[in-house]
Amino acid sequence: MKNLGIKRRTFLSGTALFGASALLKSPKAFSTSLPKKMVGLYGPIQGVAKLNANENPYGPSPAALKAMAEASKRGAYYVRNSAKILREMIAERHELSPDHVLLSSGSSGVLTYLALALSKKGKILAPDLFWDTTAKMGVRNNKYGIKRIPNDVKLGIDLSAMELELDDEVSLVHITNPNNPTGKLIPAKDFERFCNRVSDKCVVLVDEAYNELTDSPDKTTMIPLIKAGKNIAVARTFSKIYGMAGMRIGYMIAKPELLELVGQFGLGDYGLNQAGVAGALASYNDDRFLAYSKSKVLEAREMVLSALAENGLTALNSQTNFMFVDLGILNAEKFREQMEKKNILIRGIYRDYNNWSRVSMGRIEDVQMYVDEMPKVLDALSKTYS
Ligand SMILES: Cc1ncc(COP(=O)(O)O)c(C=O)c1O
């Protein structure tokens with residue numbers, strides 16, 4: 001008995017767990033970069049600032065936690081009514097019928113199904129910098145590729161350049177708004193005009209994973225265009241402001257014909273887990289929790305902005321829970337490596353944007369670690385350049 005206890009504890013330790021997961025050899029595209037010894041069974045271990053995946057560590061909300069515990073007791077049963085009610089709630093908020101809502105395991109589910117469905121028919125047109133994980137799934141399984149259009153000089157999405165590239169071979173235009181990794185939001189009026197015109201020619205996907213974190217979520221969403229019958233799909237998630245990334249609930253809003261096409265590649269409600277749906281139901285209208293989470297993000301962004309200013313650096317104007325920091329002459333991957341040595345996990349280089357570094361707004365104490373260690377790491381790295 002004693003031995004068994006020891007074995008069990010070893011299995012539960014972060015190191016052993018990492019070893020076990022490495023054996024599973026999950027494809028790189030789906031891994032969420034888990035450095036050795038820093039991640040325990042369900043998340044970062046004590047003393048590690050996990051600022052690399054845009055999670056909201058203040059979630060799940062107390063109401064969601066309670067609902068999930070309750071739902072887990074009934075985990076013997078497949079999901080049925082709870083998902084139906086969630087679809088109804090989402091539809092009601094946007095004054096649509098429930099057949100305009102498709103749920104999946106994270107928004108990655110619906111995003112992947114859409115990419116699979118449409119990259120059978122043609123190319124995906126997208127900016128150079130966008131959250132491309134699911135688009136890649138589409139093209140990996142089909143003959144068409146992603147056509148990437150350079151971002152503008154301020155790393156914004158160049159809508160005019162994208163529109164010029166539209167041709168009969170394009171089946172999907174994929175825009176992340178606000179964008180990841182830049183955090184930038186497209187001005188609503190410009191974007192609305194773009195979506196209106198482009199959706200006459202092909203499907204427009206707007207990934208709004210961070211919409212609730214923008215200053216005016218209702219003004220920046222493209223969901224009203226769906227109500228107007230446009231060929232647009234909007235993806236949303238409970239992984240970001242709702243703080244339930246590990247509970248895997250997301251959804252797509254689009255007209256029923258388009259969702260029917262998308263739904264062919266997924267399992268619908270059958271692919272959902274009862275606890276995740278329960279948490280989503282309990283927190284969807286929890287304005288108090290959402291406001292609290294947003295206030296923490298704003299507080300963290302201020303901390304990072306002033307630390308950057310003190311170090312002579314800047315970041316792009318973010319409307320999200322992450323910031324894209326311009327490191328000047330320094331290399332973002334080297335910065336990431338050095339920060340990791342201080343137990344701070346951030347992102348390295350995106351594509352060839354060598355001096356751009358993405359950091360998520362996590363718990364305030366984690367952001368404090370980032371802010372405290374940044375000058376020392378910058379200093380050490382600068383010396384290697386002089
Ligand atoms: C823009 C964007 N869309 C979608 C996702 C996927 O999130 P999930 O599958 O957890 O909903 C992410 C994750 O970071 C993201 O940044």
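Only a predicted model underlies this, so the values are computations on that prediction, with no experimental measurement involved.

## Observations concerning the overall build of the chain
Thinking step 1. A count of helical and extended segments in the chain gives 15 helices and 12 strands.
Thinking step 2. In terms of overall size, the chain behaves like a compact globule, its C-alpha atoms giving a radius of gyration of 21 Å where 386 residues would be expected to give roughly 21 Å.
Thinking step 3. By principal-axis analysis of the C-alpha atoms, the chain measures approximately 60 × 55 × 40 Å.
Thinking step 4. Per-residue burial for the chain yields a buried fraction of 51% across its 386 residues.
Thinking step 5. Here the contacts in the chain between residues at least 6 apart in sequence split such that 73% fall between residues at least 24 apart.
Thinking step 6. Just so you have it, the chain exposes about 18700 Å², and 54% of that area is on carbon and sulfur atoms.

## As for the side chain of Thr 237
Thinking step 1. Take Thr 237: it is sitting in strand β7 (residues 232-237).
Thinking step 2. Residue classification places Thr 237 among the buried residues on the basis of a relative accessible area of 2%.
Thinking step 3. A polar contact is formed between the side chain of Thr 237 and the backbone nitrogen of Ser 239, at a distance of 2.9 Å.
Thinking step 4. Excluding its chain neighbours within four sequence positions, the residues that come into contact with Thr 237 are Ser 107, Ala 209, Glu 212, Tyr 242, Ile 249 and Gly 250.

## Observations regarding the pattern of salt bridges
Thinking step 1. For the structure shown, the criterion picks out 24 salt bridges.
Thinking step 2. We note a salt bridge from Lys 342 to Glu 373, for which the minimum N-O separation is 3.7 Å. Here Lys 342 is found in the loop between α14 (332-341) and β11 (344-345), whereas its partner Glu 373 is found in helix α15 (residues 364-385), with 31 residues between them in sequence.
Thinking step 3. Judged by relative accessible area, Glu 373 falls into the buried class, the value being 18%.
Thinking step 4. A salt bridge links Lys 376 to Glu 373, with the nearest nitrogen and oxygen atoms 3.4 Å apart. With Lys 376 and Glu 373 both in helix α15 and three residues apart, this pair spans about one turn of that helix.

## Description of the packing of aromatic side chains
Thinking step 1. Taken as a whole and judged by the stated rule, the model has 10 aromatic pairs.
Thinking step 2. Each ring, one from Phe 238 and one from Tyr 242, has its centre 4.6 Å from the other, and the planes form 50 degrees; the classification is tilted. The residues Phe 238 and Tyr 242 share a single accessibility class, namely buried.
Thinking step 3. Considering the side-chain rings of Phe 238 and Tyr 284, the 6.0 Å spacing of their centres and the 55 degrees angle between planes classify their relative orientation as tilted.

## Things to note about the environment of Val 277
Thinking step 1. On the secondary structure map, Val 277 appears in helix α12 (residues 274-283).
Thinking step 2. Considered as a pair, Val 277 and Leu 86 are 191 residues apart in the sequence and their alpha carbons are 7.4 Å apart.
Thinking step 3. The residues touching Val 277, leaving out its near neighbours within four places in the chain, are Val 79, Ser 82, Ala 83, Leu 86, Ile 249 and Leu 272.

## As for the domain arrangement of the chain
Thinking step 1. Partitioning the chain into domains gives domain 1 (32-60 + 287-385) and domain 2 (62-283).
Thinking step 2. With 24 residues of domain 1 at the interface, the matching set in domain 2 holds 31 residues.
Thinking step 3. For the pair domain 1 and domain 2, the number of links is one salt bridge.
Thinking step 4. Residue Arg 351 pairs with Asp 128 through a salt bridge whose shortest N-O separation is 2.8 Å.
Thinking step 5. Applying the counting rule to domain 1 against domain 2 returns 10 residue pairs in polar contact (both at pLDDT 80 or more).
Thinking step 6. If you list the elements that add at least two residues to the side of domain 1 that touches domain 2, you get α13 (287-310), β10 (322-326) and β12 (356-360).

## Regarding the sheet that holds β10
To summarise the sheet geometry, strands pair through backbone hydrogen bonds and adopt either a parallel or an antiparallel arrangement.
Thinking step 1. Taken in spatial order, the three strands of this open sheet run β9-β10-β12, and their pairing is antiparallel. In this open sheet, the two edge strands, each paired with only one partner strand, are β9 (314-315) and β12.
Thinking step 2. As paired strands, β9 and β10 are joined by two bridges and run antiparallel to one another. The residue of β10 that forms the bridge with Ala 315 is Val 325.

## With respect to helix α3 (residues 62-73)
Thinking step 1. Under the 1.5 Å per step criterion, the end-to-end length of α3 is 17 Å for 12 residues, consistent within 8% with the ideal 16 Å.
Thinking step 2. Burial in α3 covers these residues: Ala 64, Met 68 and Ala 71. When α3 is viewed along its axis, its buried side chains cluster within an angular range of 65 degrees and face the same direction. Seen from the buried face of α3, the exposed residues on the opposite side, beyond 90 degrees, are Pro 62, Lys 66 and Lys 73.
Thinking step 3. Structurally, α3 contributes buried residues whose contacts are with α12.

## A few points about the pairing of β7
Thinking step 1. Counting buried positions along β7 yields six of six residues, so the element is predominantly enclosed.
Thinking step 2. Side chains of β7 alternate between two faces, with Ile 232, Val 234 and Arg 236 and Ala 233, Ala 235 and Thr 237 buried alike.
Thinking step 3. Bridging between strand β6 (residues 203-207) and β7 involves four bridges; their strand directions are parallel. The residue bridging Val 206 from the neighbouring strand is Val 234, located in β7.
Thinking step 4. Both β7 and strand β8 (residues 250-253) contribute to a ladder of four bridges, which runs antiparallel.

The rules behind these values
Residues numbered from 1 in each chain as written. Predicted model: local features only at pLDDT ≥ 70, side-chain atom pairs only at ≥ 80, totals over all residues. Heavy atoms only, no water. Helix = DSSP H or I, 4+ residues; strand = E, 2+ residues; numbered from the N terminus. Rg over C-alpha atoms; globule rule 2.2 N^0.38 Å. Buried < 20%, exposed > 50% of the residue type's maximum accessible area, 1.4 Å probe, protein only. Contact = heavy atoms within 4.5 Å. Areas by Shrake-Rupley, 256 points an atom, 1.4 Å probe, with all protein chains shown as cover. Polar contact = N/O pair within 3.5 Å; in protein donor to acceptor, adjacent residues only side chain to side chain. Salt bridge = Lys/Arg side-chain N within 4 Å of Asp/Glu carboxyl O. Phe/Tyr/Trp six-rings, centres within 6.5 Å; stacked < 30°, edge-to-face > 60°. Domains from an automatic or database assignment. Pairing = 2+ DSSP bridges. Expected span 1.5 Å × (residues − 1). Arc of directions from axis to C-beta.

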